[in-house]
Each structure stands twice: as C-alpha cells, then as structure tokens.
Amino acid sequence: MEGYQRTVDYVRDHIQHFSLDNCALGSQGYNRVLLQLFGFMGHGKSSLINSCKYVLDDGEYYIHANALASHTSVTFNRTAYPLTDTITIVDNRGCSTFNAYETGEIYAQLGNFIPLNQRVEWTNNYEDMIYKLEDSEMDPNFTDITIPVFVYSVKKGLAEGEKKDTKEFIDNCRKMTGFYPIVVLTHKTSGDFIQAEKEFLLMGVEKVIKIENYTKEDHGRTQGRHKEILHFLYSVLEDVNFQMKYKKIPKRERVERKKFLLKFLHQREVNQKLEQMRRNAKIQQLPTL
Ligand SMILES: Nc1nc2c(ncn2[C@@H]2O[C@H](COP(=O)(O)OP(=O)(O)OP(=O)(O)O)[C@@H](O)[C@H]2O)c(=O)[nH]1
Ligand SMILES: [Mg+2]
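In short, a report on the structure. (Residues numbered from 1 in each chain as written. Chains lettered and ligands numbered in written order. Predicted model: local features only at pLDDT ≥ 70, side-chain atom pairs only at ≥ 80, totals over all residues. Heavy atoms only, no water.)

### Observations concerning the packing of helix 3 (residues 100–110) against helix 5 (residues 160–177)
Look at helix 3 against helix 5: their axes get within 9 Å of each other, and the N-to-C directions meet at 30 degrees. As summarised for this structure, helix 3 and helix 5 are arranged roughly parallel, according to the angle between their axes. Here helix 3 and helix 5 pass one another in a crossing that is right-handed. Note on element contacts: helix 5 touches helix 3 through Glu168, Phe169, Asn172, Cys173, Met176 and Thr177, opposite Thr103, Ile106, Tyr107 and Leu110. Residues of the contact of helix 3 with helix 5, tallied by class, amount to six nonpolar, three polar and one charged. (Axes fitted to C-alpha atoms, helices over the stretch in contact; angles between N-to-C directions. Helix = DSSP H or I, 4+ residues; strand = E, 2+ residues; numbered from the N terminus. Parallel < 35°, antiparallel > 145°, perpendicular 65-115°, else oblique. Left-handed = near helix turned anticlockwise from the far one by under 90°. Contact = heavy atoms within 4.5 Å. Nonpolar A, V, L, I, M, F, W, Y, C, P; charged D, E, K, R; others polar.)

This is how it looks when you write it as structure tokens:
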C-alpha cells in the first residue's frame, strides 16, 4: 500500500508539474495541451472530466461538468476546464453518429479553428463553415497542442455499419492534430472491454485506456480507479513528449489542416447536392464522389 501510494503521488506530481518548456526542444511556441473530448451522447465525457478533477485535486468529489443519465444530449456547450497550469480538458457535445454533418464541426474544433466555450451547432451549411474558418484568421491559434480523446462506453458494442465511419473519423483526427486519438473506454465493468479494445486497435488506434468513471452516485475512492485516471493523463503526456522531440512548424501545420478541412467541406457539399438532385429527379445512376 505504501509503495502504491508513493506511485500514485509520484504520477500525480509528474502530471501537475508537466511543462512544455521541459520538452526536448523546449515549448516550440506552444503553451497549452488541450485534451479535446468527443464521442457519442451519454458515453461519459463529462464524467471523465469530473473524474480527472477529483483524482488530480485529491479533495472531495465535485461536479464540474454536468453529467446525467439521459436519452438526449446533456452537454451542448464546448467548455474548457483547466486541469493544471499546462493541461486543459474540453467537454463537447455528444455526436449521434459519425456522419459528415457532425464530424465537420469536430474537425474544425480539432484544428483549433473554432474558439472554446461556445455552443456547438452542427451545420451542413457550406457558407457558414467557410465564414467560420475565415473568422478564425482574425485571431489564429498557434499555441495549443490538441490531443483528440475518443470516449466510448463498452456497454454498447460498435455495430458493423458504424465501424467504417469510425475508422475514417479516427484517421481524420490524426490529420487534424498530428495525434491518433486516445480511446477511453468507460463503463468497463458493464461490457466486453477486451473486445472493444481489440476493435479500436484494429482501426489503428495506439492507446486504449479502460476506466470506470467516478460518478455522482458512486465516487468512493479506489486504488484501481485512481490509477486508471492517472494512467490516462500520463499516457497523453507521453505522447506529447514524443511528438515534441521533433521540430514543429505550427504555422505550416495550420495551413495543411485548413486545406484538409476545405477539401472535406467542399466534398461534403458536392455529395449533398448530388443527393438532393437524385431525390428531386429520382435519378439513381449519378455517381457518388
Ligand atoms: N457506471 C458508470 N456510469 C458512468 C460512467 N461514465 C458515465 N456514467 C454515467 O452515465 C451517464 C452519462 O454520463 P455523462 O458523463 O453525462 O456522458 P456525456 O458523454 O457527457 O453525455 P452528453 O453530454 O449527453 O453527450 C451519467 O449518469 C453518468 O453518471 C462509467 O464509467 N461507469
Ligand atoms: Mg456531457
């Protein structure tokens, strides 16, 4: 127990004092690590934030991010919660599926093209999205390292049809941030987390963390749960340290991400128009781009 307590304290201390200035090549102009959560509705994003705060602050359990059992989305605002001087975790509106309608906004968030602390509206409107991107040039964000975190409850397995979209989404997250998303499997005692882990690893994800969130109903501290949450944060920093060993050109990266996003939005618009034409004219032979 004593040895264990020392490890927990050591890891917590490491996380709390992590500074980008101490990376191999220094901060390279970055000043914040942004953990950007996303995932389906009700899978435990807000609870993960509350769990992280609980474990890092080492005090009473407190509800920072509203987490509720509900059939619809509880969180609509994209809210930033600072965890340490360097690390901030961002809550997000839950997706219903990974279709282009909802993912477009998430890619823009991941590329730091949308300011924090705003209500999240999914939009299919090409012009609106392009204007948002242009507006972001007024005050471009080059100082955040964004790490995508995909929160997924093992209570419900991924249906065959969902896997293709999920794989594509995971690949695009990497294009928008330079990082593969870290997958956090929640409700680990209520489903087959081994199967879920396998499926995500097969999709190319490199880190899968299995946790049971602390919740309003059940937040009695346990060694295992504390360790899991710290392991999640430690893994994120490991990834940051690795990437920061190499020279970064934040401006160049932003340009590349913007190109990807513009292409994605354009293709989405074209597909939508084709779909509309098919429906209107009932022409089934038009090709899908
Ligand atoms: N047993 C258990 N319950 C959990 C876990 N994670 C979340 N919950 C519960 O599941 C419900 C939904 O959790 P939230 O954290 O609100 O989920 P969310 O992803 O933020 O949901 P939206 O904001 O609606 O997208 C709440 O009642 C939580 O207490 C977990 O790991 N184990
Ligand atoms: Mg939420």
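### Concerning the pairing of strand 6 (residues 144–153)
When you tally the buried positions in strand 6, you get 10 out of 10 residues, the bulk of the element. Burial of the side chains of strand 6 extends over both faces: Asp144, Thr146, Pro148, Phe150 and Tyr152 are buried on one face and Ile145, Ile147, Val149, Val151 and Ser153 on the other. Examined bridge by bridge, strand 1 (residues 32–39) and strand 6 share eight bridges and lie parallel to one another. Paired with Arg32 across the two strands is Asp144, which belongs to strand 6. Here strand 6 pairs with strand 7 (residues 182–186) via five bridges, running parallel. For Val149, the partnering residue across the bridge sits in strand 7 and is Ile182. On the question of chirality, the crossover connecting strand 6 to the parallel strand 7 by way of helix 5 is right-handed. (Buried < 20%, exposed > 50% of the residue type's maximum accessible area, 1.4 Å probe, protein only. Pairing = 2+ DSSP bridges. Right-handed = clockwise from strand over helix to strand, strands pointing away.)

### What to know about the site of ligand 1
In the vicinity of ligand 1 lie 21 residues, with Lys45, Ser47, Val74, Thr75 and Glu212 positioned nearest. Here an oxygen atom of ligand 1 sits 2.8 Å away from a polar atom, N or O, in the main chain of Asn213. Considered on its own, ligand 1 offers 650 Å² of accessible surface; in the complex 88% of this is hidden by protein. Tallying contributions element by element places helix 2 (residues 45–57) first for the shell around ligand 1, with three residues. Residue composition of the shell around ligand 1, grouped by class: five nonpolar, 13 polar and three charged. (Near = heavy atom within 4 Å. Polar contact = N/O pair within 3.5 Å; in protein donor to acceptor, adjacent residues only side chain to side chain. Areas by Shrake-Rupley, 256 points an atom, 1.4 Å probe, with all protein chains shown as cover.)

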